[in-house]
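Architecture at a glance
Spelled out, the chains give:
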Amino acid sequence: MTPQELKVFQYMCKYGNEQCTGIEIFTRYIYKEFYNRKFNVSEHHKQIWAKLQDVINGKCKKLIINIQPRLGKTEIAVKMLIAYGLAMNPASKFIHLSYSDDLALENSEFARDYVKSDAFQSIFPSVIIKKDSDSKKKWYTTQSGGVYATSAGGQVTGFGAGIVESKIDHLEGNEFLEALGGNEFGGAIIIDDPLKPDDADSEIARERVNSRFDSTISNRVNSRNTPIILIMQRLHERDLSGYLLQEEGWDLLCLPSIKENGEAIYPHYQTVKELYKIRDKNPIIFERQYMQNPKPIEGLMYHNFKTYDIIPTTQKQIYKNYTDTADMGNDYLCSINYVETELGCFITDILHTKLNMDSTCRLVADMMLRFDSGNKPKQMMIESNNGGRIFATNIERDLRLLGDYSTRIEWFHQSANKQARIANARYEVSNMIHFPSGWEYKYPKFYEHLSSHRAEGQKVMDDAADAVTGIIENMSKKSGKILTFAMN
């Protein structure tokens, strides 16, 4: 074993407890030797490495990775993957595409430089780049492998990705490559950000990329087993990622910048506070490119929301609660405390959860009693088409056990069409509902569901919109009196 091989095996031993994949070990080693500094590893890097290893091992043929820019996606899934693939099999052939010809050529150059580096060559001396084909756009190994790099709209002629038949005899008995997971991997089509962000809302630009994938890109494979990898930030519902996900067979790794637990995906690069600042400047762009939740500007139910810092002093202030129970297994319970005034309804607290009824009854009761006796809701409206009476009974029990003897609890059956109700109340929601400043951070899932609700075509995750619609429908100003519904 050469000194360099020994060094890599030491890396393997060092990170063995982390269950590192072969491509992760390779990336850490080459990066450290090439840049003279360690690769700063985060959880999302390991997730990407794991998916790429599945591609390398033949477990995944079609992979989509959705993640914001500048988090290492191109370094790992383009530059290092190409170099690693050639290390395992010098006959591997790669096609690399991006929206910009310059970006594709730059990535190709880095991959080529990794292969030519002393760190790489001391371990994989059989991977030799032909001197007469050493360009950024197209370069070959002496074993007929190589890379073709161009823009997603550029011409790909005379070159196919992958290999037609097995050419891995050189791997037999190579302990090092076996340890790294070497097999019959023979290259791939790697597409990195095929659509320019400025073109996200251009139907012509989007469909040009989608059509080109079908007519040209997907056909540039030398075998039906050649993998296709797409790495991109989401830009629109009909970007290439959304277009391909309509088909079966694609494996998706979606990595939002703020995880479900509220933590930043890569705090070494951006903290949650910094991500929130980006969201404040442009929520639509943030949801698309950072949260991987593409929102078209057209078609949204709500275009603006009012916020407040202090509830204004008015003649009429009625403290209420509106609760929309979870009628089906995939629904959210949405319970909202608010103050109804002549100027509108001011939201004070929100519970938005998929927990079962046994858990949510007590959580709602606790939220109802969170404020002092003068500010707690005096009236609670419970909307439900299934199980509402039981929920109302349980809530009343919990409130009385907690010492609340005054709140009036009313359950009612909602028979009107939900989508029609939401559409009819959309402007009053925008004008009369006031959310506390910072509500998008305090109630992120509620904010996501409400702000992304579509005027047409959305049939799920409408509990947030349904609840604020119910608040508008039950405003005493609309009927001249407090609306009540009998429980019997």
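In case you missed it, the structure is sitting above this.
Residues numbered from 1 in each chain as written. Predicted model: local features only at pLDDT ≥ 70, side-chain atom pairs only at ≥ 80, totals over all residues. Heavy atoms only, no water.

Moving on, we get to the sheet that holds strand 12 (residues 379-383). Backbone hydrogen bonds are what pair the strands of a sheet, in a parallel or an antiparallel way. Strand order in this open sheet of 7 strands is 8-14-11-10-9-12-13, and the pairing throughout is mixed. Both edges of this open sheet fall to strand 8 (306-308) and strand 13 (408-412), since each of them pairs with a single strand only. Taken pair by pair, the neighbouring strands of this sheet meet at an average axis angle of 30 degrees, ignoring direction. For strand 12 and strand 13, the ladder comprises 5 bridges, and the chain directions are parallel. In the strand pairing of strand 13, methionine 380 is matched with isoleucine 409. (Pairing = 2+ DSSP bridges. Helix = DSSP H or I, 4+ residues; strand = E, 2+ residues; numbered from the N terminus. Axes fitted to C-alpha atoms, helices over the stretch in contact; angles between N-to-C directions.)

Quick reminder: α-helices carry 3.6 residues per turn. Residues three or four places apart thus point the same way. Look at helix 3 (residues 43-56): 20 Å from first C-alpha to last across 14 residues, which is about the 20 Å you get at 1.5 Å a residue. Along helix 3, the positions that sit buried rather than exposed are His44, His45, Ile48, Trp49, Leu52, Gln53, Val55 and Ile56. Looking at the packing, one finds that the buried side of helix 3 touches helix 2 (22-35), strand 1 (62-67), helix 4 (73-88), strand 6 (228-232) and strand 7 (251-255). Just beyond helix 3, the residue with positive phi is glycine 58, at close to 85 degrees. (Expected span 1.5 Å × (residues − 1). Buried < 20%, exposed > 50% of the residue type's maximum accessible area, 1.4 Å probe, protein only. Contact = heavy atoms within 4.5 Å.)

Our focus in this paragraph is empty space enclosed by the protein. Scanning the entire structure with this criterion turns up 1 cavity of 30 Å³ or more. Of the voids in this model, the largest cavity is the one considered here, and its volume is about 30 Å³. Lining the largest cavity, in full, are Gln68, Leu71, Ser257, Ala264, Ile265, Tyr266, Tyr269, Gln270 and Leu275. In the lining of the largest cavity, the residues fall into 6 nonpolar, 3 polar and no charged. (1 Å grid on protein atoms, 1.4 Å probe; cavity = no way out; pocket = protein on both sides within 12 Å on 5 of 7 lines; lining within 4 Å. Points joined across faces, edges and corners; volume = space filled by probe spheres on them. Nonpolar A, V, L, I, M, F, W, Y, C, P; charged D, E, K, R; others polar.)

Pairing within the open sheet is mixed, and its 7 strands lie in the order 3-4-2-5-6-1-7. Each edge of the open sheet is held by one strand with a lone partner, namely strand 3 (138-140) and strand 7. Neighbouring strand axes in the sheet, compared pairwise and without regard to direction, differ in orientation by 10 degrees on average. Where strand 3 meets strand 4 (residues 146-151), 3 bridges bridge the pair, whose relative direction is antiparallel. Bridge pairing links tyrosine 140 to glycine 146 in strand 4.

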